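Residue-level listing of the chains:
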Amino acid sequence: MARTNTRFVEAYNELLNLCDQLEVGAYLPSENALSAQLGVSRTVIRSALTRLDDCSIIALDGREKILKRHSNVEDRLEGPPVLLGIEELESRFLDWVLRMDVPPGTVLNVAQLSKDFSVATHTLQEFFSSLSRFGIVVRRPRGGWVLLGFTKNYAVELSDFRTVLELNSVRHLAALPLDHEIWARLDSLEQEHLDLLQRIDKDFHDFSPLDEKFHAVINSVVVNRFVKEFQKIISLVFHYHFQWNKTHERERNEDAIREHLALIEALRSRDADKAEAAARRHLATSKQTLLSSLETNSHAT
């Protein structure tokens, strides 16, 4: 139904454009010609023409369609809201949980959240089902969902598991040959970090997407569908908690940049132990940042 309505709205507005190009009293092309020109069915064209007739923009007389007047702003139709997909929903949902301080145990109203997030109900159900695998939400016995939230224990477990995955990636990366494309990507990342470091006083907010990109590149060397799925949720949780926690944000981001640069240097040495040590230092800092952000939230117990 939504797709059909979208086609109708687009076709109707395109017909208005066509009418505005003609002189009043001119005849519109045939339904077949309009269907071919706008790329929609004759049924959609016929419905749009009927509305034009009802609005006295054209006069339908058998197969003839005569332009009576040009359109105005009020004649235009607005299409249905564009619905979010899963990827956009992930960001919107976590942002809502963190910024609105939604407590664990909150019953998630699917119908209301579907409207709030501009997402189809079935997409939201699918999204909650995926989150349930990571213990963020749980299905209620009689239907519906409950938010378990991001507690201190959850943060500790997630951080510890992140360390296991990322240290594995670091050891893989350090052993890659010098002609591997990852080294060029690290060179580019290093320059991005150095550039941001030069303007950190005013652009420290730019670190969050760079941090996400950095860890994605590090972890990209391990091709494993299960690891990839867990890394995705880890990235989302860390990314949004870091945005949420504004305490000493500039200093914290500068320190993280320097830790990233130290890890890049250690990786270039191709000394796996040195690289792992640098990675452990940075991951420990990230863990503490996550825990600190939760300490400001009275629900994180």
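Quick caveat, the model's predicted, so the values are computed rather than measured.

(A) Expanded view of the overall build of the protein. Secondary structure assignment for the protein yields 13 helices and five strands. The C-alpha atoms of the protein give 27 Å as radius of gyration, which overshoots the globular expectation for 301 residues (19 Å, by more than 25%). Overall, the C-alpha framework of the protein stretches about 85 × 55 × 40 Å when taken along its three principal axes. For the protein, the residues scored as buried account for 43% of the 301 residues in total. Accessible area of the protein: about 16500 Å², with a carbon and sulfur share of 51%. If you average the places of the 37 positive and of the 44 negative side-chain charges in the protein, the two averages end up 5 Å apart.

(B) Examining the packing of aromatic side chains more closely. Under the defined criterion, the tally for this structure stands at eight aromatic pairs. Taking the centre distance of 6.0 Å and the plane angle of 40° together, the rings of Phe127 and Phe128 count as tilted. Assigned by exposure class, Phe127 and Phe128 land together as buried. Arranged with centres 6.0 Å apart and planes meeting at 55°, the rings of Phe128 and Trp145 form a pair that is tilted. Residue Phe128 is located in helix α6 (residues 121–132), and its partner Trp145 is located in strand β5 (residues 145–147); the two are separated by 17 residues in the primary sequence. For Trp145, a relative accessible area of 1% gives the class buried. An aromatic cluster of three or more residues is present, and its members are Phe93, Trp96, Phe117, Phe127, Phe128 and Trp145.

(C) Representation of the domain arrangement of the protein in the model. Once the domains are mapped, the protein shows domain 1 (1–75), domain 2 (86–147) and domain 3 (152–298). The C-alpha centroid of domain 3 is placed 27 Å from the C-alpha centroid of domain 2.

(D) Quick look at helix α2 (residues 31–38). Among the residues of α2, those classed as buried are Glu31, Leu34 and Ser35. Down the axis of α2, the buried set is contained in an arc of 100°. They therefore lie on one face. In α2, the exposed residues that point more than 90 degrees away from the buried face are Ala36 and Gln37.

(E) The arrangement of the UniProt feature "domain: HTH gntR-type" (unreviewed entry) in the protein in detail. Residues given the UniProt feature "domain: HTH gntR-type" (unreviewed entry) here are residues 11–66 and 89–147. Within residues 11–66, the helical portion is 55% and the strand portion 12%, while the C-alpha atoms at the span's ends are 18 Å from each other.

(F) Spotlight on the side chain of His260. Among the structural elements, His260 can be located in helix α12 (residues 249–268). Those residues within four positions of His260 in sequence are excluded, and the remaining contacts are His193, Phe207, Asp211, Phe214, His215 and His282.

(G) Main features of helix α10 (residues 207–219). With 13 residues, α10 should reach 18 Å at 1.5 Å per residue; the first-to-last C-alpha distance of 18 Å fits that figure. Within the span of α10, buried status applies to Phe207, Ser208, Leu210, Asp211, Phe214, His215, Val217, Ile218 and Asn219.

(H) Spatial organisation of the pattern of salt bridges. As enumerated under the stated definition, the model contains 19 salt bridges in all. A salt bridge links Glu31 to Arg42, with the shortest nitrogen-to-oxygen separation between them at 3.5 Å. Of this pair, Glu31 sits in helix α2 while Arg42 sits in helix α3 (residues 42–54); the two residues are 11 residues apart in sequence, bridging distant segments of the chain. For Arg42, a relative accessible area of 41% corresponds to the partly exposed category.

(I) Here's a closer look at the pairing of strand β1 (residues 58–61). Sheet topology places β1 next to strand β2 (residues 64–67); four bridges connect them, and they run antiparallel. Counted as the bridge partner of Asp61 is Glu64 from β2. The turn linking β1 back onto β2 is made up of two residues, and Gly62 within it adopts a positive phi angle of 70°.

(J) The packing of helix α8 (residues 182–198) against α10, seen in detail. Put simply, α8 and α10 touch, their axes get as near as 11 Å, and they point 160° apart. Overall, the two elements α8 and α10 adopt an arrangement that is roughly antiparallel. The hand of the α8/α10 crossing is left-handed. Each of Ile182, Arg185, Leu186, Leu189, Glu192, His193 and Leu196 in α8 lies in contact with α10, whose residues at this interface are Phe207, Leu210, Lys213, Phe214, Val217 and Ile218.

(K) Main features of the environment of Gly85. Within the element layout of this structure, Gly85 appears in the loop between β2 and α4 (86–99). Through-space distance from the C-alpha of Gly85 to that of Thr123 is 7.2 Å; in sequence the pair is 38 residues apart.

Rules behind the numbers
Residues numbered from 1 in each chain as written. Predicted model: local features only at pLDDT ≥ 70, side-chain atom pairs only at ≥ 80, totals over all residues. Heavy atoms only, no water. Helix = DSSP H or I, 4+ residues; strand = E, 2+ residues; numbered from the N terminus. Rg over C-alpha atoms; globule rule 2.2 N^0.38 Å. Buried < 20%, exposed > 50% of the residue type's maximum accessible area, 1.4 Å probe, protein only. Areas by Shrake-Rupley, 256 points an atom, 1.4 Å probe, with all protein chains shown as cover. Lys, Arg positive; Asp, Glu negative; His and termini not counted. Charge placed at Lys NZ, Arg CZ, Asp CG, Glu CD. Phe/Tyr/Trp six-rings, centres within 6.5 Å; stacked < 30°, edge-to-face > 60°. Domains from an automatic or database assignment. Arc of directions from axis to C-beta. UniProt positions renumbered as here; feature names shortened; annotations may be inferred. Contact = heavy atoms within 4.5 Å. Expected span 1.5 Å × (residues − 1). Salt bridge = Lys/Arg side-chain N within 4 Å of Asp/Glu carboxyl O. Pairing = 2+ DSSP bridges. Axes fitted to C-alpha atoms, helices over the stretch in contact; angles between N-to-C directions. Parallel < 35°, antiparallel > 145°, perpendicular 65-115°, else oblique. Left-handed = near helix turned anticlockwise from the far one by under 90°.

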